[in-house]
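# What the coordinates show
The residues making up each chain are set out below.
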Amino acid sequence: MGPVSERITLYLLTPEGTAAALETDWNYRPDDPYAVRLEFGPETAGACWVLSREMLVAALQGPVGEGDIRLAPTEDGLLCLALGSRAGVVLLSTDAAPVEGFLNATAELVPLGTESERIDWDGGLAALLSA
């Protein structure tokens, strides 16, 4: 089974209070079953964030996160993301429906709660020991 990919528009809240649209690619691979890669386009120098699939699923129901990544739904069907780094925090929002659709597609590929069955623990340990 192959990866799940979806292009989702995020809206960046600017310091002026306006929203700038950013096209992002959301990618999920069954061989890395806990992670969702959120890849930004060239307007952000190709930034990439790796988010927890479990945290994204939980964020559709209520606020989650700590540290550099915080997510929360709104009453009007949006999902808000606060992503932090040494350079500061960016505030983003998107319609929650495409995110939910993407997560449903990942769950069809790798059902929630079965992620550990997809990891080659012996191969990973062997690679660590041979390094």
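Residues numbered from 1 in each chain as written. Predicted model: local features only at pLDDT ≥ 70, side-chain atom pairs only at ≥ 80, totals over all residues. Heavy atoms only, no water.

## Remarks on the sheet that holds strand β6 (residues 69-73)
Using the following cut-off: Two strands qualify as a pair provided DSSP detects at least 2 bridges between them. Each helix is a run of DSSP H or I of at least 4 residues and each strand a run of E of at least 2, with the numbering of both proceeding from the N terminus. Axis lines are fitted to C-alpha atoms, over the contacting stretch for helices. Their N-to-C directions set the angle, which ranges from 0 to 180 degrees.
Taken together, eight strands build an open sheet; the order of strands is β4-β3-β2-β1-β8-β7-β6-β5 and the sheet is antiparallel. Both edges of this open sheet fall to β4 (48-52) and β5 (64-66), since each of them pairs with a single strand only. Averaged over all pairs of adjacent strands, the angle between their axes in this sheet comes to 30°, without regard to strand direction. Here strand β7 (residues 78-85) runs beside strand β8 (residues 88-95); their pairing, made up of eight bridges, is antiparallel. Bridge pairing links L81 to L92 in β8.

## Here's the deal with the pairing of strand β2 (residues 19-28)
The two faces of a sheet get side chains in turn, since along a regular strand they alternate between them. Relative to β2, strand β1 (residues 4-13) is paired through 10 bridges, and the arrangement is antiparallel. Across the sheet, V4 pairs through a bridge with Y28, a residue of β2. Joining the antiparallel neighbours β1 and β2 is a turn of five residues, in which G17 adopts a positive phi near 90°. Taken together, the four bridges between β2 and strand β3 (residues 35-40) define a ladder with antiparallel strand orientation. Of the residues in β3, the one forming a bridge with N27 is R37.

## A few points about the pattern of salt bridges
Any two side chains of opposite charge can pair, so long as their charged atoms come close to each other. Stated formally: Any Lys or Arg side-chain nitrogen found within 4 Å of a carboxyl oxygen on Asp or Glu counts as a salt bridge. Buried means the residue's accessible area, taken with a 1.4 Å probe over protein chains only, is under 20% of the maximum for its type, while exposed means over 50%, and partly exposed covers the values in between.
Tallied over the full model, the rule gives three salt bridges. Among the ionic pairs, R7 bridges to D25, the shortest N-O distance being 2.9 Å. Highlighted residues: R7 in strand β1 and D25 in strand β2, separated in sequence by 18 residues. D25 sits in the partly exposed class, given a relative accessible area of 25%. Residues R29 and D31 are paired through a salt bridge, measuring 2.9 Å at the closest nitrogen-oxygen approach.

## Here's the deal with helix α2 (residues 96-109)
Structurally, the α-helix is built with 3.6 residues per turn, so residues lying three or four positions apart point the same way. As a reminder, the rule being used: One less than the residue count of a helix, multiplied by 1.5 Å, gives the span that helix is expected to have. The arc in question is the one spanned by the directions pointing from the helix axis to the C-beta atoms. Whether two residues are in contact is decided by their heavy atoms, any of which lying within 4.5 Å being enough.
Along its 14 residues, α2 runs 20 Å from first to last C-alpha, staying within 8% of the 20 Å computed at 1.5 Å per residue. Three or more residues of α2 are buried, namely A96, V99, F102, L103, T106 and L109. Seen along its axis, α2 keeps its buried residues to an arc of 140°; they face one direction. Buried positions along α2 lie against β1, β2, β3, α1 (53-59), β7 and β8.

## What about the environment of A82?
Among the structural elements, A82 can be located in strand β7. A C-alpha to C-alpha distance of 5.9 Å links A82 and I69, two positions 13 residues apart in sequence. When sequence neighbours within four positions are dropped, the list of residues in contact with A82 reads D68, I69, R70, V89, V90 and L91.

## Looking at the side chain of T106
Defined as follows: For this analysis, a polar contact is any N or O atom pair within 3.5 Å, provided that within protein one partner can donate a hydrogen and the other can accept it, and provided that sequence-adjacent residues contribute only side-chain to side-chain pairs.
Topologically, T106 is positioned in helix α2. Classification of T106 by relative accessible area gives buried; the value is 0%. Within the local environment of T106, its side chain forms a polar contact with the side chain of R53, the two groups lying 3.1 Å apart.

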